[in-house]
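Residue-level listing of the chains:
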Amino acid sequence: MPRKLTVLVSFPPPRPTSNPYNTLLVDALRDQPGVTVLNFSWRTALLGTYDVFHVHWPEILVDGHSPLKKAARQGLFVALMTRLQLTRRPLVRTLHNLELPRGISHVETGLLRWAERRTTLWIAINDQTPREPGRHYALALHGHYRDWYSRHPRSQVIPGRIGFFGMIRGYKNVPGLVRAFRELDDPSLSLRVSGRPSHDGLVTEITEAAGDDPRVHLEFGFLDDADLVELVTSSELVVLPYPEMHNSGSAFAALSLGRPVLLPDNEVNRLLADEVGADWVQSYHGELTGRAIVQALEAVRGIAPGAAPNLSSRDWGPIAGQHVAAYREALALVQRTRSTLE
């Protein structure tokens, strides 16, 4: 029987604003035999007992809402990395994004690069994640959200409604979506953008892009689960125009709610279309245009009523098993390194 395993994850207990991915993963891990999962606190990280530290978005650990809080977190982060190194505990990192966030300080960049060098094993969430020489990788897919959103009522589809939802960050190209939509003069079309911008400059840019077009509806703020379900299920098409897309939880949320998505064309998204069904994942080349939106709308109107995308490989139980196997591999890697040094 495999030894018992205690894993510290890098996010705290769930709050109303938490990413459901976090909760679904932790719940599925806790259903795995012999596995204990601890939610993050600095006290647990620095003083607690655990076998593996699993970090998802490490930039959160070195940031803060004020200069004082940011400096304090960065000091704690140094202490945590030092503890992991001295105790030879493995650090496992999920590659939600391939690059570091833009616009962060040199100190944050340096700390995150240090954590990258200290990482024992990297979890890729799809087969197309680039593998860097000298790093160890495991695969653990992104799960669906069908059960999570099933408790909320769904809306009737509004014909011609285009939807965008989620945290609004610069790399997601929301102003480009608004500009592409406004290339279309069809009064039967509408665009609804809902989410919390990462900074005020995005509010200004998106609002200016929308102009006085009455078909564009902007809602800046946190979107709770019920509102998310209402927005997605009322949309005929969800458009996620991130120029560089390696993974998108929003795409899985939309597909989990039975709504097709329009995504930039790349190998990851082509494989996703093959997996879930080509009608459900429309794609565009280069810059998003109004024509691409119309073509995608016309294509998804061919989806049979009551049809659903194939998300059978995205169940959380097997995905949790993939994570546990990755944790045990990381422990074995540390043990082999220790034996070599001795």
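Summary of the structure given here. Since the model is a prediction, treat every value here as computed from it, not as a measurement.

What follows covers the environment of Ser-41. Residue position: Ser-41 is located in the loop between strand E2 (35-38) and helix H2 (42-47). Its relative accessible area of 28% is what places Ser-41 among the partly exposed residues. Here the side chain of Ser-41 touches Thr-44 through a polar contact of 2.9 Å, side chain to side chain.

One pass over the full model with this rule turns up 1 cavity of 30 Å³ or more. In this structure, the largest cavity encloses a volume near 70 Å³. Looking at the largest cavity, the residues that line it are Phe-53, Val-55, Pro-58, Leu-61, Phe-77, Met-81, Leu-91, Arg-93, Leu-112, Ala-115, Glu-116 and Thr-119. Elements with a minimum of two residues in the lining of the largest cavity: strand E3 (52-55), helix H3 (67-87), strand E4 (91-94) and helix H4 (106-118). With 3 residues, H4 is the single largest residue contributor to the lining of the largest cavity. Of the residues assigned to the lining of the largest cavity, the class counts are 9 nonpolar, 1 polar and 2 charged.

Our next topic: the pairing of strand E9 (residues 216-220). Looking down a regular strand, the side chains alternate between one sheet face and the other. Note: strand E8 (residues 190-195) against E9, 5 bridges, orientation parallel. Opposite Ser-194, over in E9, you have Glu-219 as the bridge partner.

With that settled, the discussion passes to the sheet that holds E3. Think of a sheet as strands paired side by side through backbone hydrogen bonds, with each pair either parallel or antiparallel. The parallel open sheet is built from 6 strands, whose spatial order is E2-E1-E3-E4-E5-E6. What marks the edges here is a single partner per strand, and that holds for E2 and strand E6 (137-139). In this sheet, adjacent strand axes meet at a mean angle of 25° when their direction is disregarded.

Let's shift gears to the pattern of salt bridges. Within this structure, the stated rule accounts for 15 salt bridges. Across the pair Glu-236 and Arg-301 runs a salt bridge whose closest N-O atoms are separated by 2.7 Å. Here Arg-301 lies in the loop between helix H11 (290-300) and helix H12 (316-341) and Glu-236 lies in the loop between helix H8 (225-234) and strand E10 (237-239), a separation of 65 residues in the sequence. Close ionic contact of Glu-275 with Arg-314 constitutes a salt bridge, the shortest N to O distance being 2.8 Å.

With that settled, the discussion passes to the nonpolar core. In terms of nonpolar packing, the biggest core is built from 83 residues, with Phe-165 and Leu-288 touching the most fellow members. Ranked by size, the runner-up nonpolar core spans 18 residues in total, among them Tyr-50, Phe-53, Val-62 and Leu-100.

So, about the sheet that holds E9. In space, the 6 strands of this open sheet follow the order E9-E8-E7-E10-E11-E12, with parallel pairing throughout. With partners counted over all chains shown, the strands left at the sheet margins are E9 and strand E12 (281-284), one partner each. The sheet shows a mean angle of 25° between the axes of neighbouring strands, taken without regard to direction. Sheet topology places strand E11 (residues 261-264) next to E12; 4 bridges connect them, and they run parallel. Across the sheet, residue Pro-264 finds its bridge partner in E12, namely Tyr-284.

This part takes up the packing of aromatic side chains. Here the structure, examined in full by the defined rule, presents 6 aromatic pairs. On the basis of an interplanar angle of 70° and a centroid distance of 5.5 Å, the ring pair of Tyr-21 and Trp-316 is categorised as edge-to-face. In this pair, Tyr-21 sits in helix H1 (residues 20-30) while Trp-316 sits in helix H12, placing the two residues 295 residues apart along the sequence. Comparing Tyr-21 with Trp-316, the two get one shared label, buried. Considering the side-chain rings of Phe-40 and Phe-53, the 6.1 Å spacing of their centres and the 35° angle between planes classify their relative orientation as tilted. Taken together, the positions of Phe-40 in the loop between E2 and H2 and Phe-53 in strand E3 put the pair 13 residues apart, joining distant regions of the chain. Using a relative accessible area of 9% as the deciding quantity, one classes Phe-40 as buried. Judged by its relative accessible area of 1%, Phe-53 is buried.

Rules of the game
Residues numbered from 1 in each chain as written. Predicted model: local features only at pLDDT ≥ 70, side-chain atom pairs only at ≥ 80, totals over all residues. Heavy atoms only, no water. Helix = DSSP H or I, 4+ residues; strand = E, 2+ residues; numbered from the N terminus. Buried < 20%, exposed > 50% of the residue type's maximum accessible area, 1.4 Å probe, protein only. Polar contact = N/O pair within 3.5 Å; in protein donor to acceptor, adjacent residues only side chain to side chain. 1 Å grid on protein atoms, 1.4 Å probe; cavity = no way out; pocket = protein on both sides within 12 Å on 5 of 7 lines; lining within 4 Å. Points joined across faces, edges and corners; volume = space filled by probe spheres on them. Nonpolar A, V, L, I, M, F, W, Y, C, P; charged D, E, K, R; others polar. Pairing = 2+ DSSP bridges. Axes fitted to C-alpha atoms, helices over the stretch in contact; angles between N-to-C directions. Salt bridge = Lys/Arg side-chain N within 4 Å of Asp/Glu carboxyl O. Core = buried A, V, L, I, M, F, W, Y, C linked by side-chain atoms within 4.5 Å. Phe/Tyr/Trp six-rings, centres within 6.5 Å; stacked < 30°, edge-to-face > 60°.

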